[in-house]
Each structure stands twice: as structure tokens, then as C-alpha cells.
Amino acid sequence: MEESRFEEIKAPLIPKDEKSEDPNDVASPSSPSPSPSSSSSEITNQKQQISSEEENSPIKQVALTVSTSDDPTLPVLTFRMWFLGTFSCILLSFLNQFFWYRTEPLSITSISAQIAVVPLGQLMAAKITDRVFFRGTKWEFTLNPGPFNVKEHVLITIFANSGAGSVYAIHVVTVVKRFYKQHITFFVSLIVILTTQILGFGWAAIFRKYLVEPAAMWWPANLVQVSLFRALHEKEERPKGGVTRIQFFLIAFTCSFTYYLFPGYLFQMLTSLSWICWIFPQSILAQQLGSGLYGLGIGAIGIDWSTISSYLGSPLASPWFATANVAAGFVFVMYVLTPICYWFNLYNAKNFPIFSDDLFTKDGQVYNISAIIDDNFHLDYDAYEKEGPLYLSTFFAVTYGVGFAALTATIAHVALFHGREIWEQSKASFQDRKMDIHTKLMRRYKQVPEWWFICILIGNIAATIFACEYYNEQLQLPWWGVLLACGIAIVFTLPIGIITAITNQTPGLNIITEYVIGYIYPGYPVANMCFKVYGYISMTQAITFLQDFKLGHYMKIPPRTMFMAQIVGTIIACFTYLITAWWLMETIPDICDTTASNSVWTCPSDTVFYDASVIWGLIGPRRIFGDLGTYEAINWFFLAGAIAPVLVWSAAKAFPTQEWIRLINMPVLIGATGMMPPATAVNYTSWVVLGFISGFVVYRYRPDLWQRYNYVLSGSLDAGLAFMGVVIYLCLGIENVSVNWWGNDLDGCPLATCPTAAGVVVQGCPVFS
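On a predicted model such as this, the values are computed, not experimentally measured, just so you know.

Glancing now at the pattern of salt bridges. A full pass over the atoms with the stated rule returns six salt bridges. One salt bridge connects Glu586 with Lys177, and the closest N-O pair in it is separated by 3.2 Å. Taken together, the residues Glu586 in helix α24 (residues 559-587) and Lys177 in helix α7 (residues 170-179) connect sequence positions 409 residues apart. Residue class for Glu586 comes out exposed when judged on its relative accessible area of 52%.

And the structure:
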């Protein structure tokens, strides 16, 4: 497919009226102000400029945001970079793992650190000695090489990226220790976490030529950070009647920090204001419809940044066309597909709650998983026959079907819309090919040798096989399972990378990995979880590394320096995440216990991970989704997912003038509810509403405000909430000091989890005759 097709994807990243008068003179976050010791002529000679418009990026958003110049003389590996980068990585890793176990987890992005380190870097540049040590020798260095510059800042942000999000393999440790109550050592846990996180470097190396160098792969999320670098490093005068970006950040940070005291402690109902439940306190139907946490969430809204950004990230950073696809997919699954399945009582749906991630027996009771596990931590087939087949809530079953469809939709979409680029890129990789200006500028730096990546890849696979064989009693996964997981990751990294690079949404591989190993190796829950993290997370890590590579590509960071920062940051993050998780699991008695009254440590993501290990690992897909199971018909979703992109592609060919058709991205639309559960309806409704206000209303009608403050607001909300959350825990949570009143009833919809089938008896629910 020709590059122009990518230009048709309009994401609201930079307002059109911000374009400079000279199209070749794009102001840049990576173009620092000259230091006092540098003359303008020296700076001019140092910078590599472009002189022709056609050398700029063919993607409008990139051309307006990313500099086409570079100053290779800027110091990068400085003491400031190492200190602030390490500190940011440790802090974000700690905060993200700390919040991950809570009912409304918060994923703190590196944007918070990106903004917060600027005054610290400038302070260090002003106060630290500029003395040169070992002058005249090859070990000569200084702690303060001059003004805090943008390339140092980028590397600090790369470190922070390593601590952003979550370490997926922590789920394995949590589920084994807290749900199955089985033994796993700290050392084995560390091996699993390190190998899963670093394995992605191998896949990233293989696909750099497809996902980093081509201009068409523009990675919208990176432009958020690039534009922030511009805001933070350009000299800015306070506008008349307004505030600078830094002043705005401090004001918004203070407000976010102060406000979170209410939804985080004093008035927790702000997490989900399900007002329909208040009007109909005795109606199961009304509460099923209106509950934001346990129902369809009609009308529910969360006035809480953690509710909005917990699972889908910041809506302020999502391109509007991607937000619209997510909204359409959510509405279809939540308000069309699920109600039809429930009220037509498919698979005895009315015996269970309409929305729940619990596992049930046929008569609506919670399934006793411990009763079907033998002494060797395998499935006891006789006990399973006695307990009976396992059932899922309506929505839980639908989400698995949607996951099947999203997988085949991803493959079909990439083949139809991007097949030509992949083929041409494959041919061009063996020839001299035309490079855009950013690739040309980066070629002046020493590239990372391929053998570095190959050594890491082979070493990780060898370490993984050793761990799985030597500690097989704890991990259960055989050596061939490791190789199969790696094969799946290789196959899917490219198509999923393409989707992410143009939409900012990443379809997951978790379901297909569970499905494959569940059929091949049923009855081994830990083996299933390990296979999933090696097949799914190594691919996800590859996407993360590729996104960071592209950020370094835009900001002209030397590739070898970038490689070093990613490796060191990843290792630091792994240790910090595991130590934090281990500490929380050892010090909080009721952590991950969903029956504990008013506990905020319910581990929603780990609960879903545990349920999946039971479904796919312990019992196996054949006894649930196969010929021995109840939900065999759900496999038809595979076919539906493959057909959906064909319809969009056909419509785009039939109506070439209707550009909006090309913005329909079926992998994103179908996979919109991929985070549900543990995400709930209120997370999506609140995210979509704010995404619409920011990405459509404000961007269209006040583009000046959007361009100036949008991303700064996102980072300040993250940072303020994070620091107040830790303060609440350290001051009140450790001592178990709580406020008990109706405003701290998280949802206020107690009947939303009740079944509606006649004769089903569940404690706290009315019985229908």
C-alpha cells in the first residue's frame, strides 16, 4: 500500500494552525537553546539541516511535530541522566505495582516523570560542580557538562518508560502465592520476570526495519512525548491573562493531589456514580443496567482520574479516531451483544450475574476450584466430574469470543491494508532504499550490531529453558513449550506492531497463547500462565522497545546509548516490581481477597488472570470451548473476526472518496473490550466521554488550548493522583484507618450481581419463582 494511505489517518495530535510559516523550518523539541559558551555559527555548523520540503516526513503530524535537525555535540551519558533516570525508573515501578493490586489500579505513564524531572535537571545543572576530574586522561569526566539538554531528558524518559505500566509476569507470582496458595521462590520468580521482559529485545531487533525506519509507522503516542519535549525545552513567555505550561502543570498537579483525597479515601463513591441504582434500590434489572462496576454502566460516570485512566491509559493521549473505534466496539459488545445473550438466556445466562469475572457451577454458585486440584497441583478429573462443568457470566463468555475475533481480525486487517508495504519492505531490506530525513540523520550514528540482539535473544531462551526444566515442579512448563511460545510471539509481533504504530491501540495475544497450550497441555495451570507470559509479554515488550526506538529515532538519540538505557532500565524495573509485589503480599493480610469487607486490595487483574489459568490451564479449553465443553459455539467468533476487515476493505474500495471508511479499524473496534474484565463499564464510559471532550470538542473548537495544555494536563493528573495515593496508604492505610459511611460504598448497587433465573438461590439476593 502506498504511503499516502497512512496520511489519511487523521489523529488530533498537532493543530493545523500551529504549522510554521516555513514548512521546512519545523520548530523542534530536540533543538536546544544555544549554551552561553557556543556561538551561533558553531551551532549552525554542528546541526544537520534539511533544505528541501520533500525530505520531510510524509505524515503531517510528524512533519509538524518532529525536528528535521540534529545537534550531535550534545552530551547524553551524563551523571544527571543516570541519577534522574534510575530514580524515575524505580519510583514509577514502585508506584505502578503499588496501585496495581487496588480495586481501581492506576497505570502511571512516563509523561509524569518526563515533566517532573525538568526542574530537577535544571537544578542539578545550576548547583553541581563543573569540575573536570582526571583532566587530560582517557577517564576525564565532569558531573556537570553544561545546561540540562533535551537528549539527556529523552534518555531519562526512556528509563521512566521501563517503569511505566506493569510487569505482566508478576501475575504468575501473585496467582500462585495468593490464589492457589502454592510455593514459588523469589529466585524463580525473578528468573521468569527478567526473561519475559528482556526476551522482547530479540523480536524488536528482527522487526526494526519494518516498524521503526519507515515513515509510515509513526507511533502516535511518541508524538505526545515529542510535543512535551518541545514545550519543556523551548523558552516560553507567559501569555497575557494566562499561564505557562510549567505553571499550568503545578496548578493541575496541586488540584489533582488534593482532590484524590475524596475518591481515594473520604468519598469513594466518586469512583462510580451509578445513579440509576439510587432511583431503583429494589430492582435487579435497574441495577444490572446502571451499575458501573457490576453491570452495564448505563449513565454511570466516575469523577476520579484513576477510574478514567486505570486500564485504557489517558484518554487525553489517544487519537480521536482510535477513541471513536473503542467507543463503537464497547457500545456493540456492552449494549447489544451482551443483553441479547443474557435475556435470551443463552448457556443458562440468567443463572449468573450479567457482569462478573467469577467462575460458577450450573446452579449459580461460585465454583470451588480448590476441590478439583490434586496434591501435585494438577486437575483431579474425578473431582471435576463430581463438581460438574464450569460456567461463566454472560459478559465473561462474550469477551472471550470477542478476543477470538480480535485475533483473526488483526491478521486479516494487516494482510488487506498493509500487505503491500510488508512485501515491499521485505524486498527493500535487501536493497538500497529511499530513507526519510529522520532515518538519514540517524545513520550518522553508530548502529547497534545485530549480534548484540541475537546474543540477548539466545541467552534469554537458554535461561528460560533451563529455569523451566530445573524448576519444573514450580513452573510446570516443558522446554518445547518455551520454543512454541517464542514462535507465536515472532509470528504476531509484526501485525500487532503495525496496528499499534498507526492507532495507539495494541491487540493482545493472551487468549491465543492460552488456547494453544491449553489444548496441547491441559491440567497444568502454572504451565499455562508461563506459556502466556512468554508468548504474549515477549511480544508486548517488543512493541514497547520498538516504540522507544522510534522515540529515540525522532529525537536523534545515538542508537547504542538508547539500547543501553533500555536494557538497564528494564533490569532495574524488574527488581523493583518484584520486590514491591513481594512486600505487599507479605504485609497486607487480606490482599487479593475479594470477600474482605471494603478492602481496596482486591487485585482485579490478578483475579482475571487466575480465572484464565483455571479455564485454560487447569481445566483446559476442550472441556469449556471444545467438544467436551458448554461454549463450543463461541469458536465461530474466529470466523466473524476474519470476515469483518474484509467488509471494511471492500467498502473502502467501493467508495474511495469516503475517507472515513478507512478510519474504521476492526482490530481496535472488535478488541475494544479486551480489558474487560477486570475493567468495568464505568472505566470505559468515563474514558470515552473525556476522550470525546478532549480529542474532538476542545481540539476542534479551541485548538490553541488543546495544543498548549492537553498533554501537560494528562501528566499532572497522573502525578498528583499517584503521590496522594501513596500518602493515603502510608498515613492511613497501614494503620487500617477508614471512614465508614454510605459515601464509601463503591457502587451502591448490591443487586447488580444477582441472578434472575427462577429457583437460583444466592445469599443476599431475592429468589424468583
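Turning our attention to the state of the cysteines. Under the defined criterion, the tally for this structure stands at three disulfides. One disulfide in the model links Cys592 with Cys603; its S-S distance is 2.1 Å. Around the S-S axis, the bridge from Cys592 to Cys603 shows a dihedral of about -80 degrees and counts as left-handed. In this pair, Cys592 sits in the loop between α24 and α25 (604-619) while Cys603 sits in the loop between α24 and α25, placing the two residues 11 residues apart along the sequence. Taken as a pair, Cys592 and Cys603 share a single burial class, namely buried. For Cys754, the disulfide goes to Cys765, at an S-S distance of 2.0 Å. Between Cys754 and Cys765, the S-S torsion sits near -85 degrees, and that sign places the bridge as left-handed. Here Cys754, found in the segment after α29 (703-733), pairs with Cys765, found in the segment after α29; they are 11 residues apart in sequence, far enough to count as distant. You can call Cys765 buried: its relative accessible area is 14%.

Before going further, it helps to examine the nonpolar core. The nonpolar side chains of a soluble globular protein tend to be buried, and buried together. Membership of the largest hydrophobic core comes to 203 residues, with the highest contact counts inside it found for Tyr101, Ile369, Leu390, Leu392 and Ile615. No other element matches helix α23 (residues 525-555), which puts 18 residues into this core. Apart from residues lying up to four places away in sequence, Leu390 is in contact with Leu359, Phe360, Tyr367, Ile369, Tyr384, Val614, Ile615, Ile619, Ile624 and Tyr631. Core analysis: the next-biggest nonpolar cluster, separate from the first, contains 11 residues, Val118, Leu228, Leu232 and Phe249 among them.

Its location among the elements puts Tyr260 in the loop between α10 (245-259) and α11 (261-266). For Tyr260, a relative accessible area of 6% translates into the label buried. Discounting chain neighbours no more than four positions away, the residues touching Tyr260 are Arg102, Tyr265, Asp304, Ser306, Leu721, Met724, Gly725 and Ile728.

Together, Tyr259, Phe262, Leu266, Ile303, Val739, Trp741 and Trp742 make up an exposed nonpolar region whose accessible area comes to about 640 Å². As for its position among the elements, Trp742 is in the segment after α29.

Before going further, it helps to spend a moment on the packing of aromatic side chains. If you walk through the whole model with that rule in mind, you get 55 aromatic pairs. Each ring, one from Phe330 and one from Tyr684, has its centre 5.1 Å from the other, and the planes form 15 degrees; the classification is stacked. Taken together, the residues span a long stretch of sequence, with Phe330 in helix α15 (residues 320-343) and Tyr684 in helix α28 (residues 681-701) at a distance of 354 residues. Just as Phe330 is buried, Tyr684 falls in that class too. Arranged with centres 4.3 Å apart and planes meeting at 10 degrees, the rings of Tyr521 and Tyr524 form a pair that is stacked. The side chain of Lys177 reaches across the aromatic face of Trp582, ending 4.2 Å from its centre. The positively charged end of Lys532 is found above the aromatic ring belonging to Phe609, 3.9 Å away from the centroid.

Between α15 and α28, whose axes approach to 10 Å, the crossing angle comes to 150 degrees. With respect to each other, α15 and α28 are oriented roughly antiparallel. In terms of crossing hand, the pair formed by α15 and α28 is left-handed. In this structure, α15 contributes Trp320, Thr323, Val326, Ala327, Phe330, Met334 and Tyr335 to the contact, and α28 contributes Ala681, Tyr684, Thr685, Trp687, Val688, Gly691, Phe692, Gly695 and Phe696.

The topology assignment puts Thr408 in helix α17 (residues 394-428). By relative accessible area, which is 17% here, Thr408 ends up buried. In this structure, Thr408 is in contact with Phe637, Phe638, Gly641 and Ala642, ignoring residues within four places of it in sequence.

Before going further, it helps to examine unusual backbone geometry. Phi at Lys181 is positive, roughly 55 degrees, even though this residue is not glycine. Turning to its location among the elements, Lys181 is positioned in the loop between α7 and α8 (186-211). Phi is positive for Tyr347, close to 55 degrees, though the residue is something other than glycine. Along the chain, Tyr347 falls in the loop between α15 and β3 (359-360).

Attention now moves to α24. The end-to-end C-alpha separation of α24 is 42 Å, in line with the 42 Å expected for 29 residues at 1.5 Å each. Where burial is concerned, most of α24 is hidden: 21 out of the 29 residues are buried.

Moving on: the side chain of Thr561. With respect to the element layout, Thr561 can be found in helix α24. For Thr561, a relative accessible area of 12% translates into the label buried.

Turning next to the environment of Tyr699. Residue placement: Tyr699 occurs in helix α28. What makes Tyr699 partly exposed here is its relative accessible area of 22%. When the C-alpha atoms of Tyr699 and Trp320 are compared, they prove to be 9.5 Å apart, with 379 residues separating the residues in sequence.

The rules behind each value
Residues numbered from 1 in each chain as written. Predicted model: local features only at pLDDT ≥ 70, side-chain atom pairs only at ≥ 80, totals over all residues. Heavy atoms only, no water. Salt bridge = Lys/Arg side-chain N within 4 Å of Asp/Glu carboxyl O. Helix = DSSP H or I, 4+ residues; strand = E, 2+ residues; numbered from the N terminus. Buried < 20%, exposed > 50% of the residue type's maximum accessible area, 1.4 Å probe, protein only. Disulfide = S-S within 2.5 Å. Core = buried A, V, L, I, M, F, W, Y, C linked by side-chain atoms within 4.5 Å. Contact = heavy atoms within 4.5 Å. Patch = residues over 30% accessible without salt bridge, like charges linked within 9 Å, V, L, I, M, F, W, Y side chains within 5 Å. Areas by Shrake-Rupley, 256 points an atom, 1.4 Å probe, with all protein chains shown as cover. Phe/Tyr/Trp six-rings, centres within 6.5 Å; stacked < 30°, edge-to-face > 60°. Lys NZ or Arg CZ within 6 Å of the ring centre and 35° of its normal. Axes fitted to C-alpha atoms, helices over the stretch in contact; angles between N-to-C directions. Parallel < 35°, antiparallel > 145°, perpendicular 65-115°, else oblique. Left-handed = near helix turned anticlockwise from the far one by under 90°. Expected span 1.5 Å × (residues − 1).

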